[in-house]
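Given next are the chains, with one letter for each unit.
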Amino acid sequence: MSIDQARLSGSFPAILDVFASPALRAYSTALGLLAAGAAIAAILFFLLLPTLIVIPMSLSETNYIEFPPRGVTLKWYSVYFNDPDWMAATWFSLKIALATTATATITGTMAALAIVRGFLPFKTAVQALALGPMIVPHIVLGVALYLTFSPLQLTGSFPGFLVAHTVLAIPYVIITVTAALQRFDPTLELAALNCGANRLQAFFLIVLPNIAPGVAAAAVFAFLASFDEATVAFFISDVGGKSIGRKMFEDIDFNLTPVIAAVSTVLVATSLLLMGAVHLVNARKPRS
Amino acid sequence: MTNSRPQAPPRPLSFWKSGFSSARFYSLPTSIALAAPLIAALAIGFLYPVLKLVALSFSGGTLTQYRRIVTEPLHLSVLLSTIEVALVVTVASLLFGFPVAYLMARLRKGLAMIVAACVFIPLWTSVLIRSYAWVVLLQRNGMINKLLTDTGATDGPLKLIYTQGAVILAMTHVLMPFMILPIYSALRALPTDYVRAARNLGAGPARAFTAVTLPLSLPGIFAGSVMCFVLALGFYITPALVGGPGSMLMATLIGQQTTVLLDWPFAAALSTVLLAVTLLFVLLFRRTLSLSKGLNSVY
């Protein structure tokens, strides 16, 4: 771009025309790119650091949290896997997360069919209500659920957690399955019906296989929404039944030991494996 | 993504009257049966508890609890500082998140994957773990204080944790992916030809950015900002772990009322106020808030 062009474009004040000389321009561009690159690298480092820091910390030999860690040991993992409290919380959360995955995925997928394909009265209201648990602050929902569950002695119980976590997981299922259904060509289902299949056969033989990646993603979201959930779990846990999120929250607040780093590393690895699997399943299908 | 077809039936009533069975539409009874379990779950686990909470805040048929919020300067200032922190976090997420989203949308595939990994890995990590990491990083003898004293930038360790700044920093970290992803999908939908056309017509890079890229990415910016702001309003875990008594937010105040002071009616009133503020912002910006857009770019 010549000096005249630059002036014509109006983007450079006349005094900056000196930068329009090719050598200086190239130099200032390089300098600018370098600065921008450094800034972006700093932001990416900021994003990644807190997740990655827990891995080396879980290997530290010291009894307290220190960074950089000293020595390498797996003893904190063995403490985690041998501690009855941690194991009880882990199994409790795992059971709830698996049950939540089943209930939220099934009810959510059924409702998504009705929302996308059905004559559902008050469709927008149902949709808004289903997304509600994502919008309403989790602390409000936690307090509300405690008030409801406490007189029924459902706090710290499997059914109590199942209801709470199913409600929290439903928005993820609705959003994901609705999107998958909207991408799926309904004439294929019509073809199946014309060939003599009934509604149920058409769904299981034609619709479900086609939306399966979306349903699988929804199931993983539901699992993680339950397993990683801590705010509502904080309120509806009690001495008898405690989720891993509640147990971690207590330990971070009261006794900060490297065991939490070991637990965190296990949880991060689980999340990344599951989400990586979803990513692979969805990357394989052609996307527009 | 782009080939989504219109879903509305042309004339639903005539379909219904003729009793014609179309593959596109389930009948009314089938639709209701399909949605019934969801509605039942939401009624039991969401609607009824929230209504019960709101009712408790008016217990005795008076506004006593609400009067306490308005008349006590402390409670009012907590509400205002919650909104302020949410705003600061949203603006910080936008400022730092936009360049990342831009890079993700414009880089070659391999490099874009690396940037995407930097966004997705924290997103898939539990909020609890990330707050824990910030506690460790910001501690008195933590990594950041070590770095500061070892390089001689400060004489002694600074008080970083249990401050308002720590809350803002950690919350920005947690919420940034919710800003980046909608902006990324807006930028990716923007054809590169538009920018090239602007450049060919004589616009400099800055002008092309402000005249073409920025306005066309506004839907993503709005969606991300509303999402960030609404989520920030109700944050509990992060402020509870990295914040101190001087950095009380609505959620931590509610937590304190319920777990320490056991003042449930007052906690219910505070919750109702927080809920009302959140819903107000959601309703105000519902056109720009695209939940599905944000989530569908997650995988």
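The structure presented is a predicted model; accordingly, all values stated were derived computationally and were not measured.

Undergrad: For the overall build of chain A, give the residues involved together with the corresponding values.
TA: Looking only at helices and strands, chain A has 13 helices and zero strands in total. Helices and strands appear in chain A in the N-to-C order α-α-α-α-α-α-α-α-α-α-α-α-α. Principal-axis analysis of the C-alpha atoms gives chain A an extent of 75 × 70 × 35 Å. Taking all 288 residues of chain A together, the buried fraction comes to 53%. Considering only residue pairs separated by 6 or more positions, chain A has 69% of its internal contacts joining residues 24 or more positions apart. Of the roughly 12,600 Å² of accessible surface on chain A, a fraction of 71% belongs to carbon and sulfur atoms. With 15 positive and 14 negative side-chain charges, chain A shows a spacing of 10 Å between the two charge centroids.

Undergrad: Talk me through the environment of Leu154(A); I want residue IDs and the actual numbers.
TA: Residues and elements named next belong to chain A. Mapped onto the secondary structure, Leu154 falls in the loop between helix H7 (138-149) and helix H8 (158-183). Judged by its relative accessible area of 24%, Leu154 is partly exposed. As for Leu154 and Asp238, which are separated by 84 residues in sequence, their C-alpha atoms are 9.7 Å apart. Every residue in contact with Leu154, bar those within four places of it in the chain, is listed here: Phe149, Pro159 and Gly160.

Undergrad: Explain the UniProt feature "transmembrane region" (unreviewed entry) in chain B to me, using residue names and the numbers behind them.
TA: Here the UniProt-annotated "transmembrane region" (unreviewed entry) positions come out as residues 32-58, 78-104, 111-133, 166-187, 208-237 and 264-285 of chain B. Taken end to end, residues 208-237 of chain B has its terminal C-alpha atoms 42 Å apart, with 90% of it in helix and 0% in strand.

Undergrad: Can you break down the interface of chain B and chain A residue by residue, with the values?
TA: Residue-level contacts link 93 residues of chain B with 96 residues of chain A. Each partner contributes to the roughly 8,900 Å² buried at the junction of chain B and chain A, and carbon and sulfur atoms together form 78% of this total. For the pair chain B and chain A, the interface holds zero salt bridges. In terms of residues, the side of chain B that touches chain A owes the most to one element, helix H2 (residues 28-57) of chain B, which gives 21 residues. Along the lines of polarity and charge, the residues of the side of chain B that touches chain A split into 65 nonpolar, 22 polar and six charged.

Undergrad: I'd like a rundown of the UniProt feature "transmembrane region" (unreviewed entry) in chain A, residues and numbers included.
TA: Listed under "transmembrane region" (unreviewed entry) in the UniProt record, and renumbered for this structure, are residues 31-55, 96-116, 128-149, 161-181, 202-225 and 259-281 of chain A. Overall, residues 128-149 of chain A shows 91% helix and 0% strand. The separation of its end C-alpha atoms is 24 Å.

Undergrad: Kindly report on the pattern of salt bridges, identifying the contributing residues and their values.
TA: Residue and element names in this part refer to chain A. In total, this model carries seven salt bridges over all chains according to the counting rule given. Notably, a salt bridge pairs Glu189 with Arg199, separated by 3.2 Å at the nearest N-O pair. One end of the pair, Glu189, is in helix H9 (residues 186-194); the other, Arg199, is in helix H10 (residues 199-227), and ten residues separate them in sequence. Between Asp251 and Lys247 there is a salt bridge; the shortest N-O distance is 3.4 Å. Pair noted here: Asp251 and Lys247 are both in helix H12 (residues 244-254), with a separation of four residues, about one helical turn. Taken as a pair, Asp251 and Lys247 share a single burial class, namely buried. Overlapping salt bridges bring together Arg117, Glu189 and Arg199 as one network.

Reading the values: rules and limits
Residues numbered from 1 in each chain as written. Chains lettered and ligands numbered in written order. Predicted model: local features only at pLDDT ≥ 70, side-chain atom pairs only at ≥ 80, totals over all residues. Heavy atoms only, no water. Helix = DSSP H or I, 4+ residues; strand = E, 2+ residues; numbered from the N terminus. Buried < 20%, exposed > 50% of the residue type's maximum accessible area, 1.4 Å probe, protein only. Contact = heavy atoms within 4.5 Å. Areas by Shrake-Rupley, 256 points an atom, 1.4 Å probe, with all protein chains shown as cover. Lys, Arg positive; Asp, Glu negative; His and termini not counted. Charge placed at Lys NZ, Arg CZ, Asp CG, Glu CD. UniProt positions renumbered as here; feature names shortened; annotations may be inferred. Buried area = accessible area lost by both parts, 1.4 Å probe. Salt bridge = Lys/Arg side-chain N within 4 Å of Asp/Glu carboxyl O. Nonpolar A, V, L, I, M, F, W, Y, C, P; charged D, E, K, R; others polar.

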